[in-house]
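Report on the structure
Residue-level listing of the chains:
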Amino acid sequence: MSGDETLGDPPSKEELRAIGIRDDELRAIRRSEKWWRVHRTAGKHVLAWNEFRAYGPLLRFDPHPEPKGDHPGHGVWYGGSVPGAALAEAFQEHRTIDRVREAPYLTSLRFTRDLRLLDVAVDSVGAWPTRAGGTFAMSTAPHAITQRWARVIVAAFPTLDGMRYNSRFAGNACIALFPPAATAMPPRPYTSHPLTHPGLAKRIAGVADRLGYSMV
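Reference entry: report on the structure contained in this document. (Residues numbered from 1 in each chain as written. Predicted model: local features only at pLDDT ≥ 70, side-chain atom pairs only at ≥ 80, totals over all residues. Heavy atoms only, no water.)

Things to note about helix 6 (residues 201–211)
Residues of helix 6 that are buried: Ile-204, Val-207, Ala-208 and Leu-211. End-on, the buried residues of helix 6 take up no more than an arc of 100°, which puts them together on one face. Residues Lys-202, Asp-209 and Arg-210 are exposed on helix 6 and point more than 90 degrees away from its buried face. Contacts from the buried residues of helix 6 go to helix 3 (83–90), strand 6 (96–97) and strand 12 (214–215). (Buried < 20%, exposed > 50% of the residue type's maximum accessible area, 1.4 Å probe, protein only. Helix = DSSP H or I, 4+ residues; strand = E, 2+ residues; numbered from the N terminus. Arc of directions from axis to C-beta. Contact = heavy atoms within 4.5 Å.)

Let's talk about the packing of helix 3 against helix 6
Viewed as axis vectors pointing N to C, helix 3 and helix 6 meet at an angle of 65°, and their least axial separation amounts to 10 Å. Crossing hand, helix 3 versus helix 6: right-handed. For the pair helix 3 and helix 6, the contacting residues are Pro-83, Gly-84, Leu-87 and Ala-88 in the first and Arg-203, Ile-204, Val-207 and Leu-211 in the second. Classifying every residue of the contact of helix 3 with helix 6 gives 6 nonpolar, 1 polar and 1 charged. (Axes fitted to C-alpha atoms, helices over the stretch in contact; angles between N-to-C directions. Left-handed = near helix turned anticlockwise from the far one by under 90°. Nonpolar A, V, L, I, M, F, W, Y, C, P; charged D, E, K, R; others polar.)

Here we look at the packing of aromatic side chains
In total, this model carries 3 aromatic pairs according to the counting rule given. Ring geometry for Trp-77 against Phe-111: centres 6.0 Å apart, planes inclined by 80°, an arrangement best described as edge-to-face. One end of the pair, Trp-77, is in strand 5 (residues 77–80); the other, Phe-111, is in the loop between strand 7 (104–109) and strand 8 (115–119), and 34 residues separate them in sequence. A relative accessible area of 0% places Trp-77 in the buried class. Taking the relative accessible area as the measure of exposure, Phe-111 reaches 2% and is therefore buried. The ring of Phe-91 is capped by Arg-40, whose NZ or CZ atom sits 4.8 Å from the centre of that ring. In this structure, Arg-110 packs its charged tip against the face of Tyr-190, placed 4.4 Å from the ring centre. (Phe/Tyr/Trp six-rings, centres within 6.5 Å; stacked < 30°, edge-to-face > 60°. Lys NZ or Arg CZ within 6 Å of the ring centre and 35° of its normal.)

Here it is, written out as structure tokens:
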């Protein structure tokens, strides 16, 4: 069964507001937790490790309106709960971890305050996707569909920090943060190293082997 068949279009923002979000459907991301991001430092579309991307929609939960382009005020930031999730998502297109092209870095950070995220991951205590008329295929359905959900979710719950979901490729938890979470970004990362750093070679090789990705 395809992603199209397991996740339809979202309800209206008014319907989502009426459905609401129960306490057990929210996941708190604590200040003590460490999150990971792979980001390029060279090339045409360089963003700082803590910068929200205003160009879109491109990826799973991009809240940008169509058509694709610059949409100030509709930013998004993606991170992984473990380095493997961040690497899997960043290099999903060609399934090759390229440690050189566009000078990618692996950066970890801790947020400056707790975040409140709508939890649509399969280990969620609640079942918001089902209550909202969808399914837990939000983590795997085509981007065109999940982007529509993201746009309506942001419109219905404008103070929501973001969403927690599963990496389609690694299985681990990932997060998509929306503009309210920008106030939680730290001024400095916890760690930040280029993927060519000798100390990362073994870790990256292990991730590539687990995923079946190539590594160059």
